[in-house]
Amino acid sequence: MAWWDFLRRDKADREWREEMESHLQISIDAFMAEGMSAEDARSAALVRAGNMTARREEIYRMNGIAVVDSIVGDVRYAIRGLRHNPGFTVVAILTLALGIGANTAVFSVVDGVLLKPLPYPHSEDLIALAQVAPGAGGLIAGSHGLALSSSMYFTYSEQNRSFQTMGVWTGVDVTVSGMAEPEQVPAVLASDGFLQALAIRPEVGRWLLAGDQVPGAAETIVLSYGYWQRKFGGDTSVIGKKVFVDGRPRQVVGVMPASFQIVGTRADLILPLQLDRRHATLPGFYLNGLGRLKPGVSLELANADIARLLPIWMTSWPLSDGGKTGDALAQTVYRAWRIGPNLRPLRDVVVGNVGSVLWVIMGTLGMVMLIACANVANLLLVRTDSRQQELAIRAALGAGWGRIVRQLLMESLLLALAGGAAGVVVAYEGLRFLIHNGPSNLPRLNEITLDSSALAFTFAVALLSGLVFGLIPALKYAGPNVSGSLRGGGRTMSDSGDRQRARNTLVVVQVALALVLLISSGLMIRTFSAMRNVDPGVSQLDQLQIFRVSIPSAIEPSDERATRMENSIADKLAAIPGVRAVGFGTAMPLDEAPPDWDGVLIEGQSYATGSRPPMRLFRNVSPEFFSALGARIVAGRELTWTDIYGKRMYVLVSENLARELWGSPAAAIGKRIRTGDASAWREVVGVAADIRHMGVQEGAPPTVYWPVYGQVPYAGYMLASRNVAYAVRTDRAGTGPLLNEIRQAVWSVNGALPVAQTETMREVFDRSMARTAFTLVMLGIAGSMALVLGLIGIYGVIAYAVSQRTREIGIRLAMGAEPGQVRRMFVRYGLRLGAVGMVVGVAAALGLSRSMKSLLFGVAAVDPVTFAVVPLLLLAAVAAACYVPARRASNVDPVEAMRVK
């Protein structure tokens, strides 16, 4: 039979019915012509025509497809059954909507962050040029690795055999003036080959070319799409216009498209890097590298290629500007660092370590989905149990076991699909919550959407969950012996052992999974608490206002006068009412600024040939920097402006570095250090208490505090820190009036200076904990959902047990049993199920907690407090859930209970 016949069979049925009515009327007219009455004529005509209904049904079946007809019938029957039980239907759909919606929302995040390719053509060929230097020690030997120097870029780009194109870049903050108030914006300095490697063509104009990178060339700039729209209203005539960046005019040559990102970094402007190979040296490791692989070149081959180039690099460049190439000492030092390539797919670098967080959250919400399925399965078990006689009658009338299973599965699939549809709404709202409340440093945040992949995931989860929770009651109640129910009674029949075990098993699974999620949440709560109690080395965070000011050389060419301007700004700020202290430095604690580092040589200590101390964190600070932060000076004193302008060779160190090098803070005072053999010795005049510069989770790094204006290592000239962060200690921190007074103070020194990144130190501290807080919130939501669903499940099982044993309860009460005994009987029943679930849950939580080890701080993966307290709290919640139906059981009227059939 053709599908066309099947699709038009309703029309064919209508035409056949009309034709038969016409023939019937002809017969009636003939009989009436013979003298019959109208009623007798119609009866005679119907007898002659035969069973028209049976013939019509036969023709309809001939034009149909039996399987499709059967399925359509099952769907209609299932819809009718669910419509007649609205309470059950609504509860089941809402339960599934929560589980499916939460999983879909998190899947959208996982898909957008981890699974989708980066938004560049053939992004799988993009490689981040990372390096390791395990022999360097300190910061470099840690997770930060070793960036590229300009000499490395020249060597790699000119002599590699693996990349079609290669470039380097670094992020900076620049000052844009000439358009309303001066503004500090994020920018990227990009070398030739960088934009070409990403292969994203500009929306308007062109990208940066090799000619733009030549030192001394006309200064150009490329705008981001957002900055173009925000500042120029999308006007295409912007090409060729001048934009003042750091006080110097730059010609706009291009605008990137809206979808363009720079390796997960926000940048409003792209500027040419203009590296000068005449001044390139071996050190200066500050550049991020990017390359696009040639066809057929693997990551392993590219790593081997860079390893081949490292010895060439070491012998091709001088240690310092103007020095000789092939410096034996430099080669010895860098060989001791054991520099090696660690090339990685660009996507891995963009995503970072957020993958472990997202997969843990995805796994926990998967458990919530299992709990939801177990809950709905229990509801279906109870519902199907009440339909035993209906199923038995259908079996007796000829319905096979498979037919009944299919009917029950159809109901569960309809519930699952309805739950999935409602889950899309939950997912949409949940995704808005995740994007709004997720950590600001979550990569690819703008690429997270509820797209076709997420909808396909929703459909797959709904379909799978419908099969999972639908098969359990179908197989339990639609077995080959289903017709035996006809011979039994109804509610007075004792539950069969296997069906009771099925319900009990589902409850045990729910409690076990809920405990796993609650323990995970408990571990994150303990982690969050430990992090909140960490002493960052900075006091009274709410009273510390911070902001940044940058003084480009175009505004003030003299380094000393630039420092005096910064000093004047500090004096103006100190005069603001309510301000108690002001200091500034190249970075604030916890602000995620790129680390500056170098080695520390101690006077009087000899080093083996080629041996150098590990790299230490360096910060440039002003007088009163530590007073403004509320950080203690453990020994000695802070720097003074007399020290700085007098060019005194003084320095401060952190307490942990003082203890490491000299045994105690007091012993460090008067000692002298330097960064290299060619640099001047500096005397330690103060020791500051340890500060967690790199993050709350990171220990306080051994740190050297350099003056904001001082002699450059390996050179005799003085250099100022031109991009500094101010710390203003006041009770008015974070208020609008204070920020207005700060701007006026800065502009009173120079009206072209922008005030940027205004926030309190509390906001910085909270941002450093954002990922932990996000994980805590997500696990807390998952744990709460699991707890509620688990308690509903155990409540439902106890309540059903009470309803099934009403007659037994009445007999017990009539025979003299106390109501308290009846209550305890059902509470013990529920607690036994809960206890079994908790034993299983603790065992599972032991495994999961170890996989969460990287997310924890200040708490062991197997934390005895969490593993002791959470099960006790859950057991108390289970007892409470059991008590309500148990109390109802103890209030049964024995006389009424005896009448229950």
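First things first, this report covers the structure right here in the doc. (Residues numbered from 1 in each chain as written. Predicted model: local features only at pLDDT ≥ 70, side-chain atom pairs only at ≥ 80, totals over all residues. Heavy atoms only, no water.)

### Looking at the overall build of the protein chain
This is how the line gets drawn: For the purposes of this entry, the term helix denotes a DSSP run of H or I that reaches at least four residues, the term strand denotes a run of E that reaches at least two, and both are numbered from the N terminus. Whether a residue is buried, partly exposed or exposed follows from its accessible area with a 1.4 Å probe, protein chains only, as a fraction of its type maximum: under 20%, in between, or over 50%, in that order. In what follows, a contact means two residues having at least one pair of non-hydrogen atoms within 4.5 Å. Per-residue and other accessible areas were derived by the Shrake-Rupley procedure at a 1.4 Å probe size, with only the shown protein chains allowed to occlude residues.
Within the protein chain one finds 30 helices and 26 strands. For the protein chain, with 901 residues in total, the buried portion stands at 51%. Once local pairs closer than 6 in sequence are excluded, the contacts in the protein chain between residues at least 24 apart make up 80%. A total accessible area of about 39400 Å² is found for the protein chain, and carbon and sulfur atoms account for 57% of it.

### Here we look at the pairing of strand β4 (residues 183-190)
Heads up, the condition is: A pair of strands is treated as paired once DSSP finds two or more bridges between them.
Of all the eight residues making up β4, six are buried; the element is thus mostly covered by neighbouring parts of the structure. Across eight bridges, strand β3 (residues 163-177) lies against β4 in antiparallel orientation. Along β4, the bridge assignment pairs Thr175 with Gln184. Counting the residues in the hairpin turn of β3 and β4 gives five residues, including Gly178, whose phi is positive at 90°. Here β4 pairs with strand β9 (residues 269-272) via four bridges, running parallel. In the strand pairing of β9, Leu189 is matched with Leu271.

### Overview of the side chain of Ser654
Positionally, Ser654 belongs in strand β19 (residues 650-654). Sequence-distant contacts of Ser654, that is, excluding residues within four places in its chain, are made with Val687, Ala688, Asp690, Pro701, Pro702, Thr703 and Tyr705.

### What about helix α24 (residues 736-749)?
Test applied: By definition here, a helix of n residues has an expected span of 1.5 Å times n minus one. An arc is given here, and it is the one of the directions from the helix axis to the C-beta atoms.
With 14 residues, α24 should reach 20 Å at 1.5 Å per residue; the first-to-last C-alpha distance of 21 Å fits that figure. Taken residue by residue, α24 has Leu738, Leu739, Ile742, Ala745 and Val746 as its buried positions. Each buried residue of α24 lies within a common arc of 120° when the element is viewed along its axis, so the set occupies one face. In α24, the exposed residues that point more than 90 degrees away from the buried face are Pro737 and Gln744.

### With respect to the packing of helix α27 (residues 806-814) against helix α28 (residues 819-851)
Helix packing for two helices is described by the angle between their axes and how far apart those axes are. To be explicit about the condition: Lines fitted to C-alpha atoms define the axes, with helix axes restricted to the stretch in contact, and inter-axis angles between N-to-C directions lie between 0 and 180 degrees. For any helix crossing, the convention is left-handed if the near helix is rotated counterclockwise from the far helix by under a right angle, and right-handed if that rotation is clockwise. Amino acids outside the nonpolar list (Ala, Val, Leu, Ile, Met, Phe, Trp, Tyr, Cys, Pro) and the charged list (Asp, Glu, Lys, Arg) are all regarded as polar, and Gly is one of them.
One can describe the packing of α27 onto α28 by two numbers: an axis separation of 10 Å at closest approach and a directional angle of 145°. Along this stretch, α27 crosses α28, giving a crossing that reads as right-handed. Facing Ile809, Arg812 and Leu813 of α27, the residues of α28 in contact are Pro819, Val822, Met825 and Phe826. Per-class residue counts for the contact of α27 with α28 are six nonpolar, no polar and one charged.

### Considering the pairing of strand β10 (residues 288-293)
Across the six residues that make up β10, a large majority, five, are buried. Taken together, the three bridges between strand β1 (residues 126-128) and β10 define a ladder with antiparallel strand orientation. From the neighbouring strand, Ala128 faces β10, where its bridge partner is Leu290. Strand direction decides the pairing type here: β3 and β10, joined by six bridges, are antiparallel. Within the sheet, the bridge partner assigned to Phe163 lies in β10 and is Leu293.

### Structural notes on the packing of aromatic side chains
Centre-to-centre distance and the angle between the planes together describe a pair of aromatic rings. To keep things clear, this is the line we draw: Any Phe, Tyr or Trp ring, taking Trp's six-membered ring, that has another such ring centre within 6.5 Å forms a pair; planes under 30 degrees apart are called stacked, those over 60 apart edge-to-face, and the others tilted. Think of it as a cone above the ring: NZ of Lys or CZ of Arg counts as a charge over the ring if it is within 6 Å of the ring centre and within 35 degrees of the ring normal.
In total, this model carries 19 aromatic pairs according to the counting rule given. Geometrically, the ring pair formed by Phe154 and Trp317 is stacked, given 6.0 Å between the ring centres and 25° between the ring planes. Of this pair, Phe154 sits in helix α8 (residues 150-159) while Trp317 sits in the loop between α11 (299-316) and α12 (328-337), and the two are 163 residues apart along the sequence. Taken as a pair, Phe154 and Trp317 share a single burial class, namely buried. Taking 6.0 Å as the distance between ring centres and 35° as the angle between the ring planes, the aromatic pair formed by Phe584 and Trp641 counts as tilted. Taken as a pair, Phe584 in strand β14 (residues 579-585) and Trp641 in helix α21 (residues 641-645) lie far apart in primary sequence, 57 residues in all. When sorted by exposure, Phe584 lands in the same class as Trp641, which is buried. Three or more aromatic residues joined by ring pairs make a cluster, and in this case those are Phe285, Trp313, Tyr334, Trp337 and Trp597. Positioned above the aromatic ring of Phe154, the side-chain terminus of Arg277 is 4.8 Å from the ring centre. It is Arg564 that lies over the ring of Tyr645; its NZ or CZ is 3.8 Å from the centre.

### A word on the pattern of salt bridges
Quick note on the threshold: A pairing counts as a salt bridge when a side-chain nitrogen of Lys or Arg comes within 4 Å of a carboxyl oxygen of Asp or Glu.
Scanning the model with the defined rule gives 26 salt bridges in all. Residue Lys116 pairs with Asp451 through a salt bridge whose shortest N-O separation is 2.6 Å. A residue pair is termed long-range when its members are at least 10 positions apart, and Lys116 in the loop between α6 (86-115) and β1 and Asp451 in the loop between α16 (401-437) and α17 (452-477) qualify at 335 residues. Among the residues examined, Lys116 registers a relative accessible area of 22% and is labelled partly exposed. We classify Asp451 as buried; its relative accessible area is 17%. Salt-bridge contacts for Asp305 lead to Arg308; the nearest nitrogen and oxygen are separated by 2.7 Å. Here Arg308 and Asp305 lie together in helix α11, a separation of three residues that amounts to about one turn. For Asp305, a relative accessible area of 6% puts it in the buried group. Judged by relative accessible area, Arg308 falls into the partly exposed class, the value being 28%. Residues participating in the shared-partner salt-bridge network are Glu219, Arg248 and Arg250.

### Things to note about unusual backbone geometry
We note that Leu590 has phi near 70°; this positive angle belongs to a residue other than glycine. Since its relative accessible area comes to 4%, Leu590 is described here as buried. Even without being a glycine, Lys647 presents a positive backbone phi close to 55°. Examined against the element boundaries, Lys647 turns out to sit in the loop between α21 and β19.

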